[in-house]
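# An overview of the molecular structure
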Amino acid sequence: MITVDAAPFPYAFPPDRVALIVIDMQRDFVEPGGFGETLGNDVARLQAILPGVAGLLKVFRDNGWPVIHTREGHRPDLSDCPPAKRLRGEPTLRIGDAGPMGRVLIHGEPGHGIVEECAPVDGEHVIDKPGKGAFYATELGDILARHGITHLVFAGVTTEVCVQTTMREANDRGFENLLIEDATESYFAEFKAAAMAMIRAQGAIVGWTAPLANLQAAVTRELA
Ligand code: C5J
């Protein structure tokens, strides 16, 4: 087992049963000029975690551990996008509309793609998900079962929406979850802080959190 100094108490994982899930590091959420910024969000907050996500990817790639990327998006005909998702609120742009990086959150459009800094490499899984959670209407559960995964490390955006939704379902499915604090972000600082506190509450009710440096130190100490 590799034991990481984490909150609310140390997180231990078997290196042959761990996978990394990088949630929705897509151009439309993260890059200036994308959907997220068009909605009035400060994407500089999300840009700031790019080195953290890249560093985390390196730990998993260097050790040959499975990496799974997710992308939130929909079919061009929007048949997998319920009106409740597309029409809610009064945004300047809706899913499927023509945005600055192509049609917003539509498969294959430039904004739907993963940012260059976190781009998947050969052998890594890329899961297209129509919902906020990565298990709903996807093959994620089957992929994890095929790899014999019991422990999940999480990164990506946004902490309180797609990351937290996925972690909560992973927790219900019996996975032990660690969220890397400097590899996840929200457009709202207080939402990130609250989501992390909720995850750790009541003795890790959803999982653990730790900075990337603590994971790197644990891996170096136990595998070097
Ligand atoms: C949102 C996400 N916030 N990836 N998507 O709509 O968290």
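Preceding this section is the structure that the text describes.
Notes on the structure in this doc start here. (Residues numbered from 1 in each chain as written. Predicted model: local features only at pLDDT ≥ 70, side-chain atom pairs only at ≥ 80, totals over all residues. Heavy atoms only, no water.)

This paragraph deals with the packing of aromatic side chains. Per the stated rule, a full pass over the model turns up 7 aromatic pairs. On the basis of an interplanar angle of 25° and a centroid distance of 6.4 Å, the ring pair of Phe135 and Phe175 is categorised as stacked. In this pair, Phe135 is assigned in the loop between strand 7 (125-129) and helix 6 (140-147) and Phe175 in the loop between helix 7 (159-172) and strand 9 (176-185), connecting sequence segments 40 residues apart. Ring centres of Phe188 and Phe191 lie 4.9 Å apart, and the angle between their planes is 50°; this geometry places the pair in the tilted category. Joined through ring pairs, the aromatic side chains of Phe9, Tyr11, Phe13, Phe60, Trp65 and Trp208 make up one cluster. (Phe/Tyr/Trp six-rings, centres within 6.5 Å; stacked < 30°, edge-to-face > 60°. Helix = DSSP H or I, 4+ residues; strand = E, 2+ residues; numbered from the N terminus.)

Further remarks concern the layout of surface pockets. Empty space within the largest pocket amounts to approximately 620 Å³. The wall of the largest pocket is formed by 25 residues, among which Phe29, Phe35, Leu39, Glu72 and Lys132 lie closest to the centre. Counting residues per element, the ones that place at least two in the lining of the largest pocket are helix 2 (35-38), helix 5 (83-86) and helix 7. The residue inventory of the lining of the largest pocket, partitioned by class, reads 13 nonpolar, 4 polar and 8 charged. (1 Å grid on protein atoms, 1.4 Å probe; cavity = no way out; pocket = protein on both sides within 12 Å on 5 of 7 lines; lining within 4 Å. Points joined across faces, edges and corners; volume = space filled by probe spheres on them. Nonpolar A, V, L, I, M, F, W, Y, C, P; charged D, E, K, R; others polar.)

With that out of the way, let us pick up the pairing of strand 9. The element strand 9 is extensively covered by neighbouring structure, given that 7 of its 10 residues are classed as buried. Viewed along the sheet, the connection from strand 8 (residues 151-157) through helix 7 into strand 9 turns out right-handed. (Buried < 20%, exposed > 50% of the residue type's maximum accessible area, 1.4 Å probe, protein only. Right-handed = clockwise from strand over helix to strand, strands pointing away.)

Just distances and angles here, no functional claims.
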